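# Observations on chain architecture
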Amino acid sequence: MKTTHSTFKRAAHASAIAAVASLASTAALAEEGANDWYLSLNGGASIHTDDVEFTNGTNTVETDFDTGFTFGGAVGYRWNDYNFGGFVPRTELEVSYTENDADTIDFSGNGVGNELVADGSQISSVGIYGNLFFDLPNVISRDITPYIGGGAGLNIVNHNLIYGAGGLNLNDDGDTVFAWHVTGGVSYALSEELSTFVDVGFRQAVDAGSVRRRGSTTLTGAAGGNFEDDINAIVVRSGLSVDF
């Protein structure tokens, strides 16, 4: 009877230890899973790499933009179970807003020389991207993680470029075009769940177009129609990322 009782106690202790180990393992997995998803917010500067030469094939509206601003956010997932030579992938859905004021505008149809640019002349866009990044953890330190990647999606581009006499303008509310980017940066862990980051990227909206008008009247012929060009920019951002 004593032997049976002793065996029962040992079995009970073993069961308790196994239960505690199982709970600890489950908690660890839950904690690891909680760190897979993240939400990030960012803001920074949008710097056009060259003049945008909107053209209809005959004439050109060459536009130089000031440095503008951008802000946005993303929800992402870290694929922590995968490792490619030290690089850990993560995917995210990003939404951003970018705005740049026009500095100078030169319409080739009026000869050489900049036009008078009206206040409020600007270009803005809403970008929606699917991104793929690769983190390189524990190379510099446990808290510092370099990353590189890119993405593709859509830019909804709004033109409001008013210049010259008589209300000449390039205007289009919501030209939706293909857009892509390549980006690299580094993040720094402030805590287990909170990180800050800074990155720089090249972004392009392909064949963004707008219609040339005088006031609200659409112009035709060699001086009218749809004017298109790629919009290229260097985007420098910083932000915060929160795991959940």
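Here the residue numbering is sequential within each chain, running from 1 through the sequence in written order. Given that the model is predicted, a residue must reach a pLDDT of at least 70 before its local features are reported, and side-chain atom pairs must reach 80 or more before they are shown or counted; all residues, however, enter totals for whole chains, interfaces and linings. Values reported for side chains reflect all heavy atoms of the structure, with hydrogen atoms and water molecules removed beforehand.

In this section: the overall build of the protein chain. Helix and strand assignments follow DSSP, with helices taken as H or I runs no shorter than four residues and strands as E runs no shorter than two, numbered in order from the N terminus. Helix and strand counts for the protein chain come out as one helix and 11 strands. Element order for the protein chain, N to C, with α for helix and β for strand: α-β-β-β-β-β-β-β-β-β-β-β. Only protein chains enter the accessibility calculation, which uses a 1.4 Å probe; a residue whose area is less than 20% of its type maximum is buried, one above 50% is exposed, and one in between is partly exposed. Scored against the burial criterion, the 244 residues of the protein chain give a buried share of 36%. Counting only contacts in the protein chain whose residues sit at least 6 apart along the sequence, the fraction spanning at least 24 positions is 70%. Only the protein chains shown count as cover for residues, and the accessible areas themselves come from Shrake-Rupley with a 1.4 Å probe. A total accessible area of about 12,800 Å² is found for the protein chain, and carbon and sulfur atoms account for 61% of it. In what follows, a contact means two residues having at least one pair of non-hydrogen atoms within 4.5 Å.

In this section: the confidence of the model for the protein chain. In the predicted model, the protein chain carries a mean pLDDT of 87, and the fraction of residues at 70 or more is 86%. Confidence of the predictor at the level of single residues is captured by pLDDT, which takes values from 0 to 100. Low pLDDT, under 50, characterises residues 1-34; the stretch is placed with four contacts to residues that sit more than four places away or in other chains.

The subject of this paragraph is the pairing of strand E2 (residues 52-55). The alternating pattern of E2 places Val 52 and Phe 54 on a buried face and Glu 53 and Thr 55 on a face that is not buried. The pairing criterion for strands is at least two bridges between them, as found by DSSP. As consecutive antiparallel partners, E2 and strand E3 (residues 60-65) are separated by four residues, and within that stretch Gly 57 has a phi angle of approximately 95 degrees, a positive value.

Another aspect to go through is unusual backbone geometry. In the Ramachandran plot, Asn 138 falls in the positive-phi region, its phi being about 65 degrees despite a non-glycine side chain. Take Asn 138: it is sitting in the loop between strand E6 (122-135) and strand E7 (144-163). Within the chain, Asp 207 stands out as a residue other than glycine whose phi angle is a positive 55 degrees. Relative to the helices and strands, Asp 207 is located in strand E9 (residues 194-214).

With that settled, consider the nonpolar core. Among buried residues, the Ala, Val, Leu, Ile, Met, Phe, Trp, Tyr and Cys ones that are joined through side-chain atoms within 4.5 Å form a nonpolar core. Of all hydrophobic cores here, the largest spans 19 residues; its most connected members are Phe 54, Val 61, Phe 65, Leu 161 and Ile 231. Where this core is concerned, the elements lending two or more residues are E2, E3, strand E5 (88-107), E7, strand E8 (168-189), E9 and strand E11 (226-243). Setting aside residues no more than four positions away along its own chain, Ile 231 makes contact with His 48, Val 52, Ile 123, Val 157, Arg 203, Gln 204, Ala 205 and Ala 208.

Moving on, we get to a nonpolar patch on the surface. A contiguous nonpolar surface patch, about 690 Å² in accessible area, is contributed by Trp 37, Leu 39, Val 75, Leu 93, Val 95, Ile 128, Ile 156 and Phe 244. Put simply, the parts of the chain that give the nonpolar patch at least two residues each are strand E1 (37-48) and E5. Here Ile 156 is to be found in strand E7. For Ile 156, a relative accessible area of 32% gives the class partly exposed. Without a salt bridge and with relative accessible area above 30%, a residue can belong to a patch; like charges are then joined within 9 Å and nonpolar side chains (Val, Leu, Ile, Met, Phe, Trp, Tyr) within 5 Å. We define a salt bridge as a side-chain nitrogen of Lys or Arg found within 4 Å of a carboxyl oxygen belonging to Asp or Glu.

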